[in-house]
Amino acid sequence: MEQAITDQVICRNCKTPHRYDIENCTVCDFPIYGTDKEQSVFIAKQITQKADVKDSFRKMQLSRNLLFGIGAFNICMALFSLIIEKSFGIELFFGIALGGLFIFFSLLTKKNPLFATGGPIVLYLIYIVALTTIDSRYLTDGVIFKIAFFMILGYGFFSTIKANSILKKNPYLVSLIDKK
Ligand SMILES: [Zn+2]
């Protein structure tokens, strides 16, 4: 029985027991017999990566709120004009459809964050280009909103790509992060 205990080494990082002759933990890649420096470099890197992944969740939450807000705003404006003007025109239909589309994307931010942020970026770019070719003044209309829109969704998009590549190389991190 004694032999069985000394044959094992427990990973100090993730507490997985291993055969004593293993170099790196098979679960978290911790250098089990590494020097103090190697082990602290590993831990520091793990903390940074964890922060990057959490940061991408925060940015995606912001994207989610932005998309939902724009969607709700469009629908409210459409309904408001229906009440005021009492006519069911093409603008009303367009406003509700656009609002619904934004809410659809906001609901997808958890399931498919790249599509949920990349989709609206592409659609809005097409929309801006199309309107600008009709009237060049449109390009500078509401420019602060446009910049904020592309920045928030762009950050969400690129931080998700970064987080995905971190989690792909280091699946153990998933267990350290509680998705909220
Ligand atoms: Zn480990």
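Note on numbering: residues in each chain are counted from 1, in written sequence order. In view of the model being predicted, local features appear only for residues whose pLDDT reaches at least 70, and side-chain atom pairs are presented and counted only at 80 or more, with totals across whole chains, interfaces and linings using the full set of residues.

The next thing to look at is the overall build of the protein chain. Put simply, DSSP marks the helices as runs of H or I at least four residues long and the strands as runs of E at least two long, and each gets a number from the N terminus on. Helix and strand counts for the protein chain stand at six helices and two strands. For a compact globule the rule gives 2.2 Å times the number of residues to the power 0.38, and the radius of gyration it is set against comes from C-alpha atoms. For the protein chain, the C-alpha radius of gyration of 25 Å lies well beyond 16 Å, the compact-globule estimate for 180 residues. By principal-axis analysis of the C-alpha atoms, the protein chain measures approximately 85 × 30 × 20 Å. Split into buried and exposed, the 180 residues of the protein chain put 17% on the buried side. Long-range pairs, those at least 24 residues apart, make up 53% of the contacts in the protein chain with a sequence separation of at least 6. As a rule, residues whose C-beta atom has 12 or fewer other C-beta atoms within 10 Å are exposed, those with 20 or more are buried, and those in between are partly exposed; C-beta atoms are placed from the backbone. Contact criterion: two residues are in contact if their C-beta atoms, reconstructed from the backbone, are within 7 Å.

In this section: the nonpolar core. Buried Ala, Val, Leu, Ile, Met, Phe, Trp, Tyr and Cys residues form a nonpolar core when they are connected through C-beta atoms within 7 Å. The biggest cluster of nonpolar side chains holds six residues, and these are Leu66, Leu67, Ile70, Phe102, Phe105 and Ala116. Elements supplying a minimum of two residues to this core: α2 (36-85) and α3 (90-107). In terms of residue count, α2 provides more of this core than any other element does, three residues in total.

We now examine the UniProt feature "transmembrane region" (unreviewed entry) in the protein chain. Mapped onto this numbering, the UniProt entry gives "transmembrane region" (unreviewed entry) at residues 66-84, 90-107, 114-131 and 143-161. Taken end to end, residues 66-84 is 100% helix and 0% strand, and its first and last C-alpha atoms sit 27 Å apart. The span residues 114-131 is 100% helix and 0% strand, and its two end C-alpha atoms sit 26 Å from each other. UniProt positions are given in the numbering used here, feature names are shortened, and annotations may be inferred rather than shown by experiment.

So, on to the confidence of the model for the protein chain. As a per-residue measure, pLDDT reflects the predictor's confidence and takes values from 0 up to 100. For the protein chain, per-residue confidence averages 91 on the pLDDT scale, and residues scoring 70 or more make up 95% of the total. Looking over the protein chain, one finds the lowest element-wise mean pLDDT in helix α1 (residues 2-6), namely 52, and the highest in helix α5 (residues 143-169), namely 95.

For α3, which comprises 18 residues, the first-to-last C-alpha distance of 26 Å matches the rise-based estimate of 26 Å (1.5 Å per residue) to within 8%. The set of residues buried in α3 consists of Gly95, Gly99, Phe102, Phe105 and Ser106. Projected down its long axis, α3 shows its buried positions confined to an angular sector of 125 degrees, all on one face. Exposed positions of α3 whose direction lies more than 90 degrees from the buried face are Ile90, Phe93 and Ala97. Those residues of α3 hidden inside the fold are in contact with α2 and α4 (113-134). In a helix, the anticipated span is given by 1.5 Å times the number of residues less one. This arc describes the spread of directions from the helix axis toward the C-beta atoms.

Note that Lys162 resides in helix α5. Once residues within four sequence positions are removed from consideration, Lys162 is found in contact with Asp52 and Ser56.

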